[in-house]
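Residue-level structure breakdown
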Amino acid sequence: MSTTKRIGFYQERQPLERCLQDPQFAESWQEKLRLADALLQDTIFYDQEWDMEREFRPVTFADGRFDWNHEPFGDPEWTYMLNRHRFFVLLMEAYLYTKDRRYAEKMLALWEDWIERETLVAEHLWTGWRTIETGIRLKNWVKTLNLLELCPEIELSAGLTEKIATSMNQQTDYLCQEKLINMSMISNWKVLEQNGVWLACALYPQWIDNAAEKLAIAEKVLTTSAELQVMPDGFHWEQSFMYHHEVWISLAEVQQIAQRNGLQLPSAISEALIRMTKASVALTRPDRSQSPYGDSDVEDMRPMLQWMALVTGDPEANWLAGRRLFLSTLFDYGEAAVAGLSELNALQPQQLDQNFEDSGLVFLRDSWEKDASWTLIKNGSQGGGHGHSDNLHFELFHRESLLCDNGRFTYVEDSPIRKAFKNASTHNTILVDGEEFTRQSGSWGYEGTAPALPNYLCSRNDYAYAECSHTGYFRYGKMCC
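Owing to the predicted nature of the structure, the values given are computational and were not obtained by experimental measurement.

**Here we look at the overall build of the chain**
- Counting its secondary structure elements, the chain contains 17 helices and 13 strands.
- The C-alpha atoms of the chain give a radius of gyration of 23 Å, which matches the 23 Å a tight globule of 481 residues would have.
- By its C-alpha atoms, the chain is 70 × 50 × 45 Å across when sized along the principal axes.
- Within the chain, counting contacts between residues at least 6 apart in sequence, those at least 24 apart form 67% of the total.

Next comes the structure, spelled out in structure tokens:
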């Protein structure tokens, strides 16, 4: 096995700690410590920024021992979040800031407990061992190990080190199975899965058998996925801003670690990141937030845009993010963010109205300032299961959200709310005779979609005019649209 030391997300403790103690981050630390302190009491909140399955109701394990297959509220998504171990990274961040060993010791105890109790068996394949959970968990383990390297006073015992290495081997073996590699190449799952494999094999090859072979597999899958999943106009094909950004994050983490270690990646990955960043600039609302379009939540786009600027050098993303450094940027990009941002140009975008022909998304605005009016019009492909039945849907924002998308709210399969929130009737669109133009089949499928005709946009100095239509009702014998 290789013993090469690789450069990870975080490189030097003292520069990172100096950044973390900056008073501008006090409010952000208050929020992180709220979550970390709750974990010390065996209570979990899933209300962090960019939590994919956000849940504001806390869950406490009364006996002090986590049940890794617990499913509260009848929602398996909660269980999936539990097994992704994002809170391992949170606990190490809290330790680095406070020097309170309770945070690190809690993380180590949970880590060992999970490894000892959660083996790869059939009954766990749809809880802790779904493929997407395994990939995300590997990424979070890598970040946790990276933070532990900065804190040698927190020792990994030889026994736990061996258990982690054995488990990382098991998880990478699992995700590199040929039958899994060759399926669902157009799903965001594939990117999130192989992101974890690539990071583990690139940064800890000495811990993983056949690391070079697995790294090559992950790189090939990520490259193919970037080529297939990101449309020429820069949007992810699944028609959900949340998953557009989840795919961007996974590709960006690979890109930044490759750059730091002199590893060559196919150009398809960097090209996809550049196009996706341009799309993210366009979708950002005047208050610098993400619309809850498709299966999405409202999110503050500024930290994301700041990270995008660091990875791609995009000056427009850097301008939209503003000059304030975000705490999340330090933990996503590392202490190199401080110098990196100071070297980047920041340019206000010039194009106001944009027609993204491949995704069928049209964006109109009267300026790039925070008091601007902003309109989104959607008339394109259905996308995947994260897309909603929303052709001819539009959103309007002026100082606040006036007409908006309803977002995802829940993923629970048999919930009537899940189906209702995906229907056209809950979007700002047009129905004929009260009938849906796209009929759902369960929580993720469709019996038929509404093919969109090409959108037309005419933009002048004083006005913008958009024209959109679809043929969704034709199959029902209705010749109006």
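On we go from here.
**Section: the nonpolar core**
- Grouped together as the largest cluster of nonpolar side chains are 127 residues, with contacts concentrated most on F87, W111, M168, W198, W248, L251 and F363.
- Ranked by residues supplied to this core, first place goes to helix α11 (residues 241–260) with 11 residues.
- Ignoring any residue separated from it by four or fewer positions in sequence, one finds L251 in contact with V191, L222, A226, I269, A272, L273 and M276.
- Formed by 5 residues, the second largest nonpolar core is a distinct cluster that contains A424, V432, F437 and Y473.

**Regarding helix α5 (residues 101–117)**
- Its 17 residues give α5 an end-to-end C-alpha distance of 24 Å, which sits within 8% of 24 Å, the value for a rise of 1.5 Å per residue.
- The secondary structure elements touched by the buried residues of α5 are α2 (26–40), α4 (86–98), α6 (131–150) and α7 (158–175).

**Thoughts on the packing of aromatic side chains**
- Per the stated rule, a full pass over the model turns up 28 aromatic pairs.
- With a centroid separation of 4.0 Å and an interplanar angle of 5°, the aromatic rings of W29 and Y97 are classed as stacked. One end of the pair, W29, is in helix α2; the other, Y97, is in helix α4, with 68 residues separating them in the sequence.
- With relative accessibility at 1%, the residue W29 sits in the buried group.
- By the ring-pair criterion, three or more aromatic residues cluster together here, those being Y46, F61, F66, W68, W78, F87, F88, W111, W114, W129, W141 and Y174.
- Over the ring of F45 we find R34, and its NZ or CZ is 5.1 Å from the ring centre.

**Side note on the side chain of D42**
- Within the secondary structure layout, D42 lies in the loop between α2 and β1 (43–46).
- Separated by 2.5 Å, the side chains of D42 and K106 make a polar contact.
- For D42, the contacting residues outside a window of four places in its chain are V59, T60, F61, G64, F66 and K106.

**What about the sheet that holds strand β5 (residues 354–356)?**
- The antiparallel open sheet is built from 5 strands, whose spatial order is β5-β6-β7-β8-β9. Of all strands in the sheet, those with a lone pairing partner are β5 and β9 (401–403), marking the two edges. Strand-to-strand twist of the sheet, defined as the mean angle between neighbouring strand axes without regard to direction, takes the value 15°.
- With 5 bridges connecting them, strand β6 (residues 361–365) and strand β7 (residues 373–378) associate as antiparallel partners. Bridge pairing in β7 places L361 opposite K378.
- Here helix α12 (residues 267–283) sits on the sheet and contacts β5, β6 and β7; the angle it forms with β6, its principal contact strand, is near 50°.

**Section: unusual backbone geometry**
- Of note, the phi angle at R399 is positive, near 70°, even though the residue is not glycine.
- Along the polypeptide, R399 turns up in the loop between β8 (393–398) and β9.
- Under the relative-accessibility criterion, R399 is labelled exposed at 60%.
- Positive phi, normally seen in glycine, also occurs at D433, with a value near 55°.
- In this structure, D433 sits in the loop between α17 (416–422) and β10 (439–441).

**Focus on the pattern of salt bridges**
- Scanning the entire structure with this criterion turns up 30 salt bridges.
- Its salt-bridge partner being E17, residue R13 comes within 3.0 Å of it at the nearest N-O pair. Of this pair, R13 and E17 both sit in helix α1 (residues 13–20), separated by 4 residues, roughly a single helical turn. Accessibility classification places R13 together with E17 in one group, the buried group.
- Across the pair R34 and E31 runs a salt bridge whose closest N-O atoms are separated by 2.4 Å. Taken together, the residues span about one helical turn, with R34 and E31 both in helix α2 at a distance of 3 residues.
- When its relative accessible area of 30% is taken as the criterion, R34 is described as partly exposed.
- Among the residues examined, E31 registers a relative accessible area of 37% and is labelled partly exposed.

Basis of the calculations
Residues numbered from 1 in each chain as written. Predicted model: local features only at pLDDT ≥ 70, side-chain atom pairs only at ≥ 80, totals over all residues. Heavy atoms only, no water. Helix = DSSP H or I, 4+ residues; strand = E, 2+ residues; numbered from the N terminus. Rg over C-alpha atoms; globule rule 2.2 N^0.38 Å. Contact = heavy atoms within 4.5 Å. Core = buried A, V, L, I, M, F, W, Y, C linked by side-chain atoms within 4.5 Å. Buried < 20%, exposed > 50% of the residue type's maximum accessible area, 1.4 Å probe, protein only. Expected span 1.5 Å × (residues − 1). Phe/Tyr/Trp six-rings, centres within 6.5 Å; stacked < 30°, edge-to-face > 60°. Lys NZ or Arg CZ within 6 Å of the ring centre and 35° of its normal. Polar contact = N/O pair within 3.5 Å; in protein donor to acceptor, adjacent residues only side chain to side chain. Pairing = 2+ DSSP bridges. Axes fitted to C-alpha atoms, helices over the stretch in contact; angles between N-to-C directions. Salt bridge = Lys/Arg side-chain N within 4 Å of Asp/Glu carboxyl O.

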